[in-house]
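Commentary on secondary and tertiary structure
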Amino acid sequence: MQVSFIQQLTQASSTERPDAYRSRLPQQASELQLFARYAWNMALSENLYPSLQALEIALRNTIHYAASQHFNRSDWFNEPSALQHEHERVARAHCIA
C-alpha cells in the first residue's frame with residue numbers, strides 16, 4: 001500500500017502542531033488545506049525574521065548606549081551595581097529552591 005503525501009506529513013509532524021491549525025479551519029477543510037495553512041505560516045515567519053532581527057539589534061544597541069551613558073563606561077555590564085538587583089534576585093531564588 002502506497003502512503004499518500006498528506007499521510008506522510010501527518011505522520012512526520014506532531015499532533016499538537018496540526019491541531020492548532022485544524023481548530024481554526026472549517027470542519028469540512030481537507031488535510032491539504034490544513035498543511036497549506038501550516039506552510040503559509042512558515043513562509044510568513046521566514047519573511048518576518050529579518051525585521052525582527054533588525055529590531056533586536058536596534059533595541060540591544062539602544063540599551064547599550066543608554067547604559068553606557070548612565071554608568072559613564074562602555075563596559076557597563078562589568079559595573080557591579082549595574083546588575084546588582086538581578087544578582088540579588090538570583091540569590092533569593094537559590095534560597096527558595
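Source: prediction; values computed, not measured. (Residues numbered from 1 in each chain as written. Predicted model: local features only at pLDDT ≥ 70, side-chain atom pairs only at ≥ 80, totals over all residues. Heavy atoms only, no water.)

1. A look at the overall build of the chain
The following threshold applies: In this description a helix means any DSSP run of H or I spanning at least four residues, a strand means any run of E spanning at least two, and both kinds are numbered starting from the N terminus. Here the radius of gyration uses the C-alpha set of atoms, whereas the globule reference equals 2.2 Å times the residue count to the power 0.38. Three labels apply to residues, based on accessible area from a 1.4 Å probe with only protein chains included: buried if under 20% of the type maximum, exposed if over 50%, partly exposed otherwise in between. Contacts are assigned to residue pairs that have any heavy atoms within 4.5 Å of one another. The protein chains shown are the only cover counted for residues, whose accessible areas, like all others here, come from Shrake-Rupley with a 1.4 Å probe.
In terms of regular secondary structure, the chain is built from 4 helices and 0 strands. Traced from its N-terminal end to its C-terminal end, the chain shows the element sequence α-α-α-α. The C-alpha atoms of the chain give a radius of gyration of 24 Å, which is well past the 13 Å a tight globule of 97 residues would have. With the C-alpha coordinates aligned to their principal axes, the bounding extent of the chain is approximately 70 × 35 × 25 Å. Taken across its 97 residues, the chain has 9% of its residues classed as buried. Residue pairs in contact within the chain that sit at least 24 positions apart in sequence constitute 16% of those at least 6 positions apart. As displayed, the chain offers around 8,300 Å² of accessible surface, 59% of which is attributable to carbon and sulfur atoms.

2. A word on the pattern of salt bridges
Note the following rule: A carboxyl oxygen of Asp or Glu within 4 Å of a side-chain nitrogen of Lys or Arg is what we treat as a salt bridge.
The tally for this structure, following the rule as stated, stands at 3 salt bridges. Linking R73 and D75 is a salt bridge whose minimum nitrogen-to-oxygen distance equals 2.8 Å. What makes R73 partly exposed here is its relative accessible area of 28%. For D75, a relative accessible area of 28% corresponds to the partly exposed category. Close ionic contact of R73 with E79 constitutes a salt bridge, the shortest N to O distance being 2.8 Å. In the salt-bridge network here, residues are joined through shared partners; they are R73, D75 and E79.

3. Some words on helix α3 (residues 31-71)
Where we set the bar: Take the number of residues in a helix, subtract one, and multiply by 1.5 Å to get its expected span. At every residue, the bend is computed as the angle between two fitted axes, covering the seven residues ending there and the seven beginning there respectively.
The end-to-end C-alpha distance of α3, which contains 41 residues, comes to 57 Å, matching closely the 60 Å that a straight helix rising 1.5 Å per residue would cover. The sharpest bend along α3 comes to roughly 35°, located at Y49, with the proline P50 sitting one to four residues further on. Within α3 the residues assigned to the buried category are L34, F35, A67 and S68. Just beyond α3, the residue with positive phi is N72, at close to 55°.

4. Quick notes on the side chain of S68
Rules: Between N or O atoms, a polar contact is any pair within 3.5 Å; within protein, one atom must be a potential hydrogen donor and the other a potential acceptor, and residues adjacent in sequence are included only when both atoms are from side chains.
Here S68 lies in helix α3. Looking at S68, its side chain comes within polar contact range of the main-chain oxygen of H64, at 2.8 Å. Residues in contact with S68, not counting those within four places in the same chain, are R73, S74 and W76.

5. What to know about the confidence of the model for the chain
How we decide: Per-residue confidence from the predictor is reported as pLDDT, which spans 0 to 100.
When the pLDDT values of the chain are averaged, the result is 84; 95% of them are 70 or greater. Per-residue pLDDT, averaged within each element of the chain, yields its smallest value for helix α1 (residues 5-12) (76) and its largest for α3 (92).

6. A look at unusual backbone geometry
Phi angles above zero are rare outside glycine, and N72 is one such case at about 55°. Turning to its location among the elements, N72 is positioned in the loop between α3 and α4 (84-96).

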